[in-house]
Amino acid sequence: MTLAATFLGGAKSRLLPPSVPFRFFVSAAVFHVMMWMVLLADFRSVAGYRGGPGPVLAALHLLTLGVLTTTAIGASVQLLPVATRRAFVAVWPIKLVFWLVVPGILVLAVGMYLANLGLLAAGSVVVTAGLIIFAALLGENLRCATGMPAVAAFGWLSLAALLALIALGVALAFDYGRGFLDNHAAAALTHMLLAGFGFMGMLALGFSHILVPMFALAAAPEKRASLAAFALAAIALVVGTAGALADDTPALTLAGIIGLTAAIAHLALMRRVLKDGMRKRLGLSFILVRAAWAMLVLTIVVGIAVPLGYAGANGPTLFAFLLFAGWLLTFLLGILQRIMPFLASMHAARDQRGAPPLLSELAASWPLKCHAICHGLAIAGLASAIAFNLTWLAASAAAIGLAGAIAFAGFTFDVLRRVIATPAHHS
């Protein structure tokens, strides 16, 4: 039996009202547009950015919190209860997370953009409150993931990274005005690794064990191999964050080598799933997913080169860009363009035969084609601009990225419009 059949068995009884996950997905689409707008407005500062408040830091957090985290929350609260076969007792805590996290991100981003330390601190506190509630919801549901040991393992490590990330994030926000951290740069690097490879990275790797087999109509990856890949990823994360906090180059290098091994092991598992799956033509979304997998390997290679001095003057900035925009953003946008029509089809009214609408009936395809082209050009262009310090290329890439983000937002609102226009028969 494929994972899709297992996953979908009785799924409708555990679906949230469509307004709940879609409010996070719509917010992510809007923040995506805002991120490229900020980068375009301050394109001269991108390549040489080395930290500190300002437009580039605001754009980074519009990406990490605004796009990646809101997408992760929306996907987690909908997909994990279906996978664990345990619905949430109440919906209001999820709505509370939204009303804390999304406005908090806006305040935080404005504070960073204007270098207003009061707004920055206030936004960080509000976002923190929302993320703590989300962590509690995630932890409660992960306790029920007994039949998916690899998914649960990645989920628990992601949750631990999130809690450490929150603590460091608040400390960094308040440190801008008070300077109480011994090494702000080391703490910032640790914060970045916990965000990229810890919270978001482990969640992406864990959910891949559900979503890739589901979309490919394949069995889940073999448990022992999945747990071995998890163990390597966990060791790499622990060694890497410890090395970053201690500013220890050998530890960072070792973490990179272990992490590269973990990534290769994960990609081998995913390749086997796609090879064994009954559905071979997975469309445009999996072109992005495969590109993201390539970006994961490239990110780690650049990450190994940076502390050794082989990544050039802008190596640290290139590493951060590849981590969040190259790997994670590309992966999430590829998966999200499958999740939204999929959830919409589950919620939409059935026809006279009781069949759900076709996914092609729930969204136009041309915005996704436009987005994929623009996204690929923007990522390649901005990475090259950072590597070679080309200001004009940064401006061009940001403008193309903005066009792609607007196209993806159009797709998102199109799916939402059709869900609203064809309400489900259940509440």
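You'll find the structure just up there.
I will try to describe carefully the structure that is included in this document. (Residues numbered from 1 in each chain as written. Predicted model: local features only at pLDDT ≥ 70, side-chain atom pairs only at ≥ 80, totals over all residues. Heavy atoms only, no water.)

**With respect to the overall build of the chain**
- Helices and strands together make up the secondary structure of the chain, namely 13 helices and 0 strands.
- Moving toward the C terminus, one meets the helices and strands of the chain in the order α-α-α-α-α-α-α-α-α-α-α-α-α.
- In summary, the chain has a C-alpha radius of gyration of 20 Å against a globular reference of 22 Å for 427 residues, a match within 12%.
- Each principal axis of the C-alpha distribution contributes one length, and for the chain these read about 65 × 45 × 40 Å.
- In the chain, the share of contacts with a sequence separation of at least 24, taken over all contacts with a separation of at least 6, comes to 82%.
- Of the roughly 17100 Å² that the chain leaves accessible, carbon and sulfur atoms contribute 69%. (Helix = DSSP H or I, 4+ residues; strand = E, 2+ residues; numbered from the N terminus. Rg over C-alpha atoms; globule rule 2.2 N^0.38 Å. Contact = heavy atoms within 4.5 Å. Areas by Shrake-Rupley, 256 points an atom, 1.4 Å probe, with all protein chains shown as cover.)

**Here's the deal with the packing of helix 7 (residues 184–216) against helix 9 (residues 249–276)**
- The geometry of helix 7 relative to helix 9 is characterised by a closest axis approach of 10 Å and an angle of 15 degrees between their N-to-C directions. Here helix 9 runs roughly parallel to helix 7, going by the angle between their axes. In this structure, helix 7 meets helix 9 at a crossing whose hand is left-handed. Residues Leu189, Leu193, Leu205, Ser208, His209, Val212, Pro213 and Ala216 of helix 7 pack against Leu252, His266, Leu269, Met270, Val273 and Leu274 of helix 9.
- When grouped by side-chain class, the residues that make up the contact of helix 7 with helix 9 number 11 nonpolar, 3 polar and no charged. (Axes fitted to C-alpha atoms, helices over the stretch in contact; angles between N-to-C directions. Parallel < 35°, antiparallel > 145°, perpendicular 65-115°, else oblique. Left-handed = near helix turned anticlockwise from the far one by under 90°. Nonpolar A, V, L, I, M, F, W, Y, C, P; charged D, E, K, R; others polar.)

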